[in-house]
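Architecture at a glance
Listed below are the residues making up each chain.
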Amino acid sequence: MDFRPLAEAERRQLLTALRGHADRGTALLIDPNDTSFAGTADDVPDEQVITAVKSVPVHY
């Protein structure tokens with residue numbers, strides 16, 4: 001994994017996306033290949049949501 005600090009442009013983009021999520025419920029998109037921030041979307045297909053939930057490790 002790449003644990004480098006965010007570049008200023010990446011930081012601004014992520015903060016804007018997080019505010020959009022908090023204010024309007026905008027979905028945050030993550031690149032499945034490297035888990036980097038990939039933008040936002042107002043609507044995400046159900047299958048993509050299910051895939052994202054299945055990808056979270058569960059330790060029950």
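Nothing here was measured: the structure is a model prediction, and the numbers come from that model. (Residues numbered from 1 in each chain as written. Predicted model: local features only at pLDDT ≥ 70, side-chain atom pairs only at ≥ 80, totals over all residues. Heavy atoms only, no water.)

Here we take up the overall build of the protein chain. When you go through the protein chain residue by residue, the secondary structure sums to two helices and two strands. Along the protein chain, from the amino end to the carboxyl end, the secondary structure elements read α-β-β-α. Seen along its three principal axes, the alpha-carbon backbone of the protein chain occupies a region of about 35 × 30 × 20 Å. Every one of the 60 residues in the protein chain was classed for burial, and the buried ones make up 10%. A separation of at least 24 residues holds for 6% of the contacts in the protein chain among residues at least 6 apart in sequence. (Helix = DSSP H or I, 4+ residues; strand = E, 2+ residues; numbered from the N terminus. Buried < 20%, exposed > 50% of the residue type's maximum accessible area, 1.4 Å probe, protein only. Contact = heavy atoms within 4.5 Å.)

Once that is clear, we can look at the pattern of salt bridges. Inspection of every chain in the model, using the stated rule, returns one salt bridge. A salt bridge links glutamate 8 to arginine 12; the nearest nitrogen and oxygen atoms lie 3.8 Å apart. Here glutamate 8 and its partner arginine 12 are both found in helix α1 (residues 8-24), four residues apart, which amounts to about one turn of the helix. Glutamate 8 sits in the partly exposed class, given a relative accessible area of 46%. (Salt bridge = Lys/Arg side-chain N within 4 Å of Asp/Glu carboxyl O.)

The next point concerns the pairing of strand β2 (residues 37-41). Within a regular beta strand, the side chains point alternately toward one face of the sheet and then the other, so they alternate between its two faces. Sheet analysis places strand β1 (residues 27-30) next to β2, joined by four bridges and oriented antiparallel. Its bridge partner being in β2, leucine 28 is matched across the sheet by threonine 40. The turn linking β1 back onto β2 is made up of six residues, and threonine 35 within it adopts a positive phi angle of 55°. (Pairing = 2+ DSSP bridges.)

For any part of a model where pLDDT is low, the fine detail of the predicted coordinates should not be relied upon. Put simply, the protein chain has an average pLDDT of 86, and 95% of its residues get 70 or more. The lowest-confidence element of the protein chain is helix α2 (residues 46-54), averaging 86 in pLDDT; the highest-confidence one is α1, averaging 93. (pLDDT = per-residue confidence, 0-100.)

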